[in-house]
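Fold and contact review
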Amino acid sequence: MSKITASANGQECTVRIPGVCTGNSETVVWAHANGSAAGKGIGMKSPDLLGAYACQACHDCYDRRTPLPKGECREDIELAFWEGHARSLNILLALGLVKAT
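Now for a description of the structure that goes with this document. (Residues numbered from 1 in each chain as written. Predicted model: local features only at pLDDT ≥ 70, side-chain atom pairs only at ≥ 80, totals over all residues. Heavy atoms only, no water.)

So, on to the environment of Leu89. Relative to the helices and strands, Leu89 is located in helix α3 (residues 74–95). For the pair Leu89 and Val29, spaced 60 residues apart in sequence, the C-alpha separation works out to 14 Å. Beyond its immediate sequence surroundings of up to four residues, Leu89 is in contact with Leu49 and Val98. (Helix = DSSP H or I, 4+ residues; strand = E, 2+ residues; numbered from the N terminus. Contact = heavy atoms within 4.5 Å.)

Right, let's talk about α3 for a bit. In an α-helix, one full turn covers 3.6 residues, which means residues spaced three or four apart are oriented alike. Here α3 spans 31 Å end to end across 22 residues, near enough to the 32 Å set by a 1.5 Å rise per residue. At its buried positions, α3 is contacted by α1 (3–6), β1 (29–32), β2 (51–54) and α2 (56–62). Phi turns positive, to about 80 degrees, at Gly96, one or two residues after α3. (Expected span 1.5 Å × (residues − 1).)

This part takes up the packing of aromatic side chains. The final tally for this structure, using the stated rule, is three aromatic pairs. Taking the centre distance of 4.9 Å and the plane angle of 80 degrees together, the rings of Trp30 and Tyr53 count as edge-to-face. Taken as a pair, Trp30 in strand β1 and Tyr53 in strand β2 lie far apart in primary sequence, 23 residues in all. Judged by its relative accessible area of 6%, Trp30 is buried. The exposure class assigned to Tyr53 is buried, which follows from its relative accessible area of 0%. Each ring, one from Tyr62 and one from Phe81, has its centre 4.1 Å from the other, and the planes form 5 degrees; the classification is stacked. Pair noted here: Tyr62 is in helix α2 and Phe81 is in helix α3, with a separation of 19 residues, a long-range link. Among the aromatic residues, ring-to-ring pairing joins Tyr62, Phe81 and Trp82 into one connected group. (Phe/Tyr/Trp six-rings, centres within 6.5 Å; stacked < 30°, edge-to-face > 60°. Buried < 20%, exposed > 50% of the residue type's maximum accessible area, 1.4 Å probe, protein only.)

We now examine unusual backbone geometry. Even without being a glycine, Arg16 presents a positive backbone phi close to 55 degrees. Here Arg16 lies in the loop between α1 and β1. Positive phi is not limited to glycine here, since Arg64 has a value of about 65 degrees. Position of Arg64 relative to the elements: it lies in the loop between α2 and α3.

Next comes the structure, spelled out in structure tokens:
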């Protein structure tokens, strides 16, 4: 486990999908970005840098393990993930796990 994925323990969910997010920090994990643009492929996760702190409910929705909430489309879920990614990067910077140049 990398320092980035380990840092998810006890963090707040940064993805915050409306109608999905439980806000339960006990279930937060480091969710890796989906799609080939993020480096994901069959049997391959994207790099740790391309992820976000997500509660189990948001992670399941983003990874398509649960249905979309009523009134939401896949693009809304992607936007929530990438907004969460930006929030997560700011946390990683504050923790000293990544550095800006």
